[in-house]
Amino acid sequence: QTDNFIWNLLYPNLPETQTEMNIEAGLEFENTEKELESLISKIIKISEEDVFFVIDKKGFNKSIIDWKRYRKTKAEHDSLLFEGGSMQPLMHYRSLTFTTKQKIESLNKEYETTLKKYASC
């Protein structure tokens, strides 16, 4: 009982079944994707308002579309070993989330100065 009590204190609402883990991984990816979309929108909005910060919007959008295609292919490859099994969605979502977090970090670093300038937006 003590172990169970401590476990629940340290890890509240921790998923216990594979289905719960898959659902949680999917929700984590959705949240990370929303964070990415928000960052992309912010970068585009800044470029439209600041004459000193110019990006090729068409090229930028194409690079994001191409990157999302890469992310999907990478996730399919990363979860291939688990294809047909109950862990496949978990591994797929984890790959999507990891790659998306890397992109967020990359965009934040690339546009760091401009984003800091408009941090209150």
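Residues numbered from 1 in each chain as written. Predicted model: local features only at pLDDT ≥ 70, side-chain atom pairs only at ≥ 80, totals over all residues. Heavy atoms only, no water.

A. Main features of the packing of helix H2 (residues 18-49) against helix H4 (residues 88-110). At a minimum axis distance of 9 Å, the contact between H2 and H4 shows a crossing angle of 20°. Compared by their axis directions, H2 and H4 come out roughly parallel. Read as a crossing pair, H2 and H4 show a hand that is left-handed. The class makeup of the residues in the contact of H2 with H4 is 13 nonpolar, seven polar and five charged. (Axes fitted to C-alpha atoms, helices over the stretch in contact; angles between N-to-C directions. Helix = DSSP H or I, 4+ residues; strand = E, 2+ residues; numbered from the N terminus. Parallel < 35°, antiparallel > 145°, perpendicular 65-115°, else oblique. Left-handed = near helix turned anticlockwise from the far one by under 90°. Nonpolar A, V, L, I, M, F, W, Y, C, P; charged D, E, K, R; others polar.)

B. Seen up close, the pattern of salt bridges. Within this structure, the stated rule accounts for eleven salt bridges. Taking the shortest distance from any N to any O, the salt bridge between Arg71 and Glu33 comes out at 2.6 Å. One end of the pair, Arg71, is in helix H3 (residues 57-78); the other, Glu33, is in helix H2, with 38 residues separating them in the sequence. Through salt bridges with shared partners, a single network forms among Glu33, Glu37, Lys68 and Arg71. (Salt bridge = Lys/Arg side-chain N within 4 Å of Asp/Glu carboxyl O.)

C. Expanded view of the environment of Leu90. In this fold, Leu90 is placed in helix H4. In contact with Leu90, other than residues within four places in its own chain, are Gln18, Met21, Asn22 and Ala25. (Contact = heavy atoms within 4.5 Å.)

D. Region of interest: the nonpolar core. Core analysis: the largest hydrophobic core is formed by 16 residues, its most contacted members being Ile40, Ile43, Phe60, Leu107 and Tyr111. Where this core is concerned, the elements lending two or more residues are H2, H3 and H4. Examining the composition of this core, we find that six residues originate from one element, H2, more than from any other. The contact partners of Ile40, leaving out residues within four places of it in the chain, are Phe60, Ile64 and Leu107. (Core = buried A, V, L, I, M, F, W, Y, C linked by side-chain atoms within 4.5 Å. Buried < 20%, exposed > 50% of the residue type's maximum accessible area, 1.4 Å probe, protein only.)

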